[in-house]
Amino acid sequence: MFGYLVRRLAMTIPTLLLVAITVFALVRLIPGDPVQVMLGDSADPAQLEQLRRQMGLDQSIPVQFGYWLAKVAVGDFGHSITNGLAVLPLILERFQVSALIVLVAVTIAACVAVPAGLIAAWRQNSATDLAITAGATLLLSIPSFWLGLLLLLLFGLKLKWLPVIGYVPFSDNFGQALTFIVLPIATLAMIEIGALTRMSRASSIEVLRLEYVTHARAKGAPEWRVLGRHVLPNAFAPTWTLIGLILGHLLGGIAVIETVFTLPGLGRLLVDSIFARDYPVVQGCLLFTAVIYVVVNLIVDLCYPLFDPRVAAE
Amino acid sequence: MKMRANTAIGGFLIGILFATAVTAAFWTPFDPLKVNLRARLQPPSALYWLGTDEFGRDVLSRIMAGAATSVFVSVLTVTFAVIIGAVIGVITGYLRGWTDRIIMAVNDALLAFPGILLALAVMIVTGANKFGIVLALGIAYIPSVVRVVRGTVLSIREREYIEASRVIGNSELYSMARHVLPNSLAPVAVLATSMFGWVLLAESALSFLGLGVPPPAPTWGNLLAASRPYMESAAWLSIAPGICIALTLLGINLLGDSLRDRLDPRMVHG
C-alpha cells in the first residue's frame, strides 16, 4: 500500500512540471511582443520597458522560467492587467462557484447512474435494460450548453419558476442563491448520468459473469444481497476512476455552462481573460485548473485500493 | 439484433450529416451570409423552413453551412491527430527502451491535462480560426492516439510474422511500415470514431464561447451562441442547431458502440 502511494505521488511530478512548462511557454509563443499586446499600441516605450522588467522579460528564457516557477510555487501568480488585483485570490473566489456546482452535480449523477447501470446489467437485454441504455446514450449525446439553454427556456422564460440571469453568493441569501444554481447543477448532472450509467452497466456485466456471483447465488443468498454485497462493490472501481476523469473534464469544460447561466465561475474568468488579453490571469487559470485536475485524479487513484485492493498489492 | 439497430440508426444519422455537409459545399436554399432586414426573425414557414435569424438570414442554409464547417474541422482534426499519433505510437512501441520511456512520460503528462484546456491554451497562440481549432484540438487528442497505438504495437511486434519479416532481412523501418502499422489500425478506427464526436462537440463548445470559428461564418456552436438574446421571442433559433449537434453525437455514439462490440468479442451481448 505504501509503495503504491509513493509511486503514484512520484508520477505527478513530471506531469506538474510539464503543465508548468506548457503554461509558461504559452505566453512566450503568442505572436508579437506580449507587453506590446497587453498595453496596446499607444503605450510609450518607458511604460513598455517597465512592464517588461516587471514581468522579467529582459532575462534569458530558462532564468525567466525559474523565476516564474519559484513565484508560482509560493502562490504568487502575479497581478491582473485589467484591474491590478492579485491573480490567486481572484481565482480562488471564482473557483468556489465552479467547484460547488461540479461537486454537487457529480455526486447526484453518481447516485443515480451507479444503481441504474447495475439494474440494467442485472436485467441485461430486457426492456428495462434497453430503456436505461437508450436513455443514457441519449443523455450522452446532448451538448451541455444546449441542454442548459433548453432548461432556461422552459423553467426561466416559459414557466418563470427560476431566474434567468445572475448569481447571488450563498453567504448573502441562501434561498436565492439556490435558485441560481439549481439549473446549472441539473444540467451537468444529467449530462454526466449518461457516461456514468454506461460505465456502471459495462463493469456490472463483467462482474455478474464471475464465478463468485454464481457461487453466492448457489449458496442461496437472496438476489438483493448478491447485487449489493458482491456485484456493486466490485463493479464500482472502474466507475470511480471515471468519476475522477469527469470531475477534471467538467472543470475544463465548465466555461460553457457558466456562460449559459451567467455564473461568475473559474471557466468564465478564463474565457473573459482570454478576450481581454489579460495573460497573467489566463496563465493562472490554466495552471490552477490543471493542478486541480492532477490533484483530483491523484485523490481518486489513492482511494482506488479501497474499492479494489488488488491494485495496491501489485 | 440490438447491435444491428445501433449500426443502422448510427450509420443513417452520420450518412445524413455527411450528405448535408457535401451538399452545402455546392448548394444551400439561400445564401447563408445574405442579410435581408425585411425578413428578420421570421418563424419557420414554407419559404424559410427553419425560420430566419436577427439579420433575416435563412436558418436552414446556415445550419447546412454549419454542418459543412463542423465536418470539415472534425475530419481534418481527427486525421491530423491519428496520423501524428499513429506515427509516434508505432515508433515508440516498436523501438521501446529509452525513446519509449521519454515519449511516454511526456505523453502521460499531456493525458493528465484536460483536453479542452490544452486546446484553449493552443487557441490563444494560434488565434480563433478554422485551422487554429484543427491544430489545437489535434494536439489535445494526439496523446490518446499514441497510447492506443503503442499498446497495440507492443502486442503485435512479438507476433511470428514480424519475426519472419525480420529474419528474411527486412529493415526495421520496412517491417514497421509494412506490417506493424496496418495491423494496429483496428483499435485506432474505434478511437477515431469516438474522437470525431469529441472534436465536433469541442468545436461547438469553443464556437459557442466565441473562441472557435469566428462569425459571420456559421457553425452550430456560434449559431447557438447568437440565438441567446432571442431565446424567448425566436425559440427556433436555439432549437434547430442543438438538435443537429445532439443527433450527430447520437449517431457517432451508436456507431462507436457497434464498432467496439464487433472488435472486442469480450463485450458481445449475451
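Scroll up to find the structure.
What comes next concerns the included structure. Worth saying up front: this structure is predicted, and the values here are computed from it rather than measured.

## Section: the overall build of chain B
(1) Moving on: Looking only at helices and strands, chain B has ten helices and zero strands in total.
(2) Moving on: Sorting the 270 residues of chain B into buried and exposed places 49% on the buried side.
(3) Moving on: Sequence-distant contacts in chain B: of pairs separated by 6 or more residues, those separated by 24 or more amount to 69%.

## Digging into the overall build of chain A
(1) Moving on: Within chain A, the regular secondary structure consists of 13 helices and zero strands.
(2) Moving on: Counting from the amino terminus, helix and strand elements in chain A follow one another as α-α-α-α-α-α-α-α-α-α-α-α-α.
(3) Moving on: Overall, chain A is about 85 × 55 × 35 Å in size when its C-alpha atoms are taken along their principal axes.
(4) Moving on: For chain A, long-range pairs separated by at least 24 residues make up 72% of all intrachain contacts whose partners lie at least 6 apart in sequence.

## A look at the packing of helix α1 (residues 2-29) of chain A against helix α12 (residues 279-307) of chain A
Residues and elements named next belong to chain A.
(1) Moving on: Between α1 and α12, the least distance of the axes is 10 Å, while the angle of their chain directions is 165°. In terms of orientation, α1 lies roughly antiparallel with respect to α12. In terms of crossing hand, the pair formed by α1 and α12 is right-handed. For the pair formed by α1 and α12, the contact residues are Tyr4, Leu5, Arg8, Thr12, Thr15, Leu16, Val19, Ala20, Val23, Leu26 and Val27 on the first element and Tyr279, Gln283, Leu286, Leu287, Ala290, Val291, Val294, Leu298, Asp301, Leu302 and Pro305 on the second.
(2) Moving on: Along the lines of polarity and charge, the residues of the contact of α1 with α12 split into 17 nonpolar, three polar and two charged.

## Description of helix α11 (residues 266-276) of chain A
(1) Moving on: Of all the eleven residues making up α11 of chain A, eight are buried; the element is thus mostly covered by neighbouring parts of the structure.
(2) Moving on: Among the residues making up α11 of chain A, those that are buried are Leu266, Gly267, Arg268, Leu269, Leu270, Val271, Ser273 and Ile274 of chain A.
(3) Moving on: Those residues of α11 of chain A that are buried are in contact with α5 (87-122), α10 (223-260) and α12 of chain A together with α4 (115-126) and α8 (185-209) of chain B.
(4) Moving on: Backbone geometry just after α11 of chain A places Arg277 of chain A at a positive phi near 55°.

## Some words on the interface of chain A and chain B
(1) Moving on: On the side of chain B, 32 residues touch chain A, which itself brings 38 residues to the contact.
(2) Moving on: Every element with two or more residues in the side of chain A that touches chain B is listed here: α1, α6 (127-141), α7 (144-158), α10, α11 and α12 of chain A.
(3) Moving on: The element contributing the most residues to the side of chain A that touches chain B is α10 of chain A, with eight residues.
(4) Moving on: Looking at the side of chain A that touches chain B residue by residue, the class counts come to 25 nonpolar, 13 polar and no charged.

## Description of the packing of α7 of chain A against helix α10 (residues 236-263) of chain B
(1) Moving on: Between α7 of chain A and α10 of chain B, whose axes approach to 10 Å, the crossing angle comes to 145°. Seen from above, α7 of chain A lies across α10 of chain B with left-handed handedness. In this structure, α7 of chain A uses Trp146, Leu149 and Leu153 of chain A to contact α10 of chain B, whose residues at the interface are Ser238, Gly242, Ile245 and Ala246 of chain B.
(2) Moving on: Along the lines of polarity and charge, the residues of the contact of α7 of chain A with α10 of chain B split into five nonpolar, two polar and no charged.

## Description of helix α3 (residues 45-54) of chain A
(1) Moving on: Judged by how many residues are buried, α3 of chain A sits mostly at the surface: zero of ten residues are covered.
(2) Moving on: Trailing α3 of chain A by a residue or two, Gly56 of chain A shows a phi angle of about 75°, which is positive.

## Some points on the nonpolar core
(1) Moving on: Grouped together as the largest cluster of nonpolar side chains are 157 residues, with contacts concentrated most on Ala119 and Val145 of chain B.
(2) Moving on: Per-element tally for this core: the top contributor is α10 of chain A, with 16 residues.

## Considerations on the environment of Lys71 of chain A
Residue and element names in this part refer to chain A.
(1) Moving on: On the secondary structure map, Lys71 appears in helix α4 (residues 61-73).
(2) Moving on: Assessed through the 13 C-beta atoms surrounding it within 10 Å, Lys71 is described here as partly exposed.
(3) Moving on: Spatially, the C-alpha atom of Lys71 lies 16 Å from that of Thr22, the residues being 49 residues apart in sequence.

## Concerning the environment of Val180 of chain B
All names here are of chain B.
(1) Moving on: Take Val180: it is sitting in helix α7 (residues 172-183).
(2) Moving on: When the 22 C-beta atoms within 10 Å are taken as the criterion, Val180 is described as buried.
(3) Moving on: Once the C-alpha coordinates of Val180 and Ile103 are considered, the two residues, 77 residues apart in sequence, prove to be 19 Å apart.
(4) Moving on: Sequence-distant contacts of Val180, that is, excluding residues within four places in its chain, are made with Val90, Tyr94, Val153, Ile156, Arg157, Ile162 and Ser175.

Calculation criteria
Residues numbered from 1 in each chain as written. Chains lettered and ligands numbered in written order. Predicted model: local features only at pLDDT ≥ 70, side-chain atom pairs only at ≥ 80, totals over all residues. Helix = DSSP H or I, 4+ residues; strand = E, 2+ residues; numbered from the N terminus. Buried ≥ 20, exposed ≤ 12 C-beta atoms within 10 Å, placed from the backbone. Contact = placed C-beta atoms within 7 Å. Axes fitted to C-alpha atoms, helices over the stretch in contact; angles between N-to-C directions. Parallel < 35°, antiparallel > 145°, perpendicular 65-115°, else oblique. Left-handed = near helix turned anticlockwise from the far one by under 90°. Nonpolar A, V, L, I, M, F, W, Y, C, P; charged D, E, K, R; others polar. Core = buried A, V, L, I, M, F, W, Y, C linked by C-beta atoms within 7 Å.

The quantities given are spatial measurements derived from coordinates; they are silent on function.
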